[in-house]
Amino acid sequence: MTKVLINWTDKYSVDYDVIDNQHKELVGMINNLYASFTEGKADEIVEDILKEMIKYTDYHFKMEEKYFDKYNYSDTKLHKEQHNDFIVKVTSFYREFNNGSVTITYDIMNFLREWLLTHIQGSDKKYVAEFKNKNVNIV
Ligand SMILES: [Fe+2]
Ligand SMILES: [Fe+2]
């Protein structure tokens, strides 16, 4: 039985290595969370993985946003709102999980998966198209 929730394929690539590597890292973290959930790992372990995932997601979002500001990305406002909504949602889930009022479910795992893949293929590819047009280099 496979414990992998997301299989990375080239269709998720945005053609900036730095960004792809960060997205792959996030995919790895979601897979890790999924594995510990399906293997019934202790709450403390799941909690730590979730916490690390939120921290890394925040780091990744801030990096993208730094480039939006620097190059006056036309859809900055909406994109930042999407990032912010995701962080707020996952952080509040983390708190509820932490105080024992909710548990991880397949719905939560699917939400993380769908959100990330939809975001990468929609919103992220949109800024990439504009940046490629402007010959922006992301390093
Ligand atoms: Fe991204
Ligand atoms: Fe993004």
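Numbering of residues starts from 1 in every chain and runs along the sequence as written. Note on labels: chains are lettered from A, ligands numbered from 1, in written order. Local features in a predicted model are, by the rule used here, given only for residues with pLDDT of at least 70; side-chain atom pairs are given and counted only at 80 or more, and totals for whole chains, interfaces and linings are based on all residues.

(A) How the structure looks around the overall build of the protein. Runs of H or I in DSSP of at least four residues are treated as helices and runs of E of at least two as strands, each being numbered from the N terminus. Scanning the protein from terminus to terminus reveals four helices and zero strands. Each helix (α) and strand (β) of the protein, taken in turn from the N terminus, gives the series α-α-α-α. For this measure, only C-alpha atoms enter the radius of gyration; the expected value for a globule follows 2.2 Å times N^0.38, where N is the number of residues. Against the 2.2 N^0.38 benchmark of 14 Å for 139 residues, the protein shows a C-alpha radius of gyration of 16 Å, consistent with a compact globule. Buried positions account for 17% of the 139 residues belonging to the protein. Relative to all contacts within the protein whose residues are 6 or more apart in sequence, the contacts with residues 24 or more apart total 71%. Burial in this document is a count-based property: other C-beta atoms within 10 Å of a residue's C-beta are tallied, and the residue is buried at 20 or more, exposed at 12 or fewer, or partly exposed in between, with C-beta positions derived from the backbone. We call two residues in contact if the C-beta atoms placed from their backbones are at most 7 Å apart.

(B) A look at the nonpolar core. Ranked by size, the top nonpolar core spans 14 residues in total, and within it Val14, Met29, Ile30, Leu33, Tyr34, Met53 and Leu116 carry the most contacts. Those elements giving two or more residues to this core turn out to be α1 (17-38), α2 (43-70) and α4 (106-133). Per-element accounting of this core gives the leading share, seven residues, to α1. Aside from chain neighbours lying at most four places away, what touches Leu33 is Val46, Ile49, Leu50 and Met53. Buried Ala, Val, Leu, Ile, Met, Phe, Trp, Tyr and Cys residues form a nonpolar core when they are connected through C-beta atoms within 7 Å.

(C) Structural context of the packing of α1 against α2. Taken N-terminus to C-terminus, the directions of α1 and α2 make an angle of 165 degrees; their axes are 10 Å apart at the nearest point. The angle between α1 and α2 places the two elements in the roughly antiparallel class. With respect to the hand of their crossing, α1 and α2 are arranged in left-handed fashion. From α1, Gln22, Glu25, Leu26, Met29, Ile30, Asn32, Leu33, Ser36 and Phe37 reach across to α2, where they touch Ile45, Val46, Ile49, Leu50, Glu52, Met53, Tyr56, Thr57 and His60. Polar here means any residue other than Ala, Val, Leu, Ile, Met, Phe, Trp, Tyr, Cys and Pro, which are nonpolar, and Asp, Glu, Lys and Arg, which are charged; Gly is therefore polar. Each residue belonging to the contact of α1 with α2 can be placed in one class, and the counts come to eleven nonpolar, five polar and two charged. Note on geometry: axes are C-alpha line fits, over the in-contact stretch for helices, and angles between N-to-C directions span 0 to 180 degrees. If an angle is under 35 degrees, it is roughly parallel; if it is over 145, roughly antiparallel; if it lies from 65 to 115, roughly perpendicular; otherwise it is oblique. The hand of a helix crossing depends on one turn: near helix anticlockwise from the far one by less than a right angle means left-handed, and clockwise means right-handed.

(D) Helix α3 (residues 76-98), seen in detail. Working rule for helices: expected span equals 1.5 Å times residues minus one. Across its 23 residues, α3 extends 32 Å between first and last C-alpha, which sits within 8% of the 33 Å expected from 1.5 Å per residue. Two residues or fewer after α3 comes Gly100, characterised by a positive phi angle close to 80 degrees.

(E) View of α4. Given a rise of 1.5 Å per residue, 28 residues ought to cover 40 Å, and the 39 Å separating the end C-alpha atoms of α4 matches this to within 8%. Of all the positions in α4, only Leu112, Leu116, Ile120, Asp124, Tyr127 and Phe131 are classed as buried. Residues of α4 that are buried in the fold lie against α1, α2 and α3. Positioned one or two residues after α4, Asn135 has a phi angle of 55 degrees, which is positive.

(F) Main features of the packing of α2 against α3. Where α2 meets α3, the axes come as close as 11 Å, and the angle between the chain directions of the two elements is 165 degrees. The angle between α2 and α3 places the two elements in the roughly antiparallel class. The two elements α2 and α3 meet at a crossing, and its hand is left-handed. Residue-level contacts link Glu47, Leu50, Lys51, Ile54, Thr57, Asp58, Phe61, Glu65 and Phe68 of α2 to Thr76, His79, Lys80, His83, Ile87, Val90, Thr91, Tyr94, Phe97 and Asn98 of α3. Its residues assigned to classes, the contact of α2 with α3 shows eight nonpolar, six polar and five charged.

Note that every value here comes from positions in space, so none of it alone points to a role or purpose.
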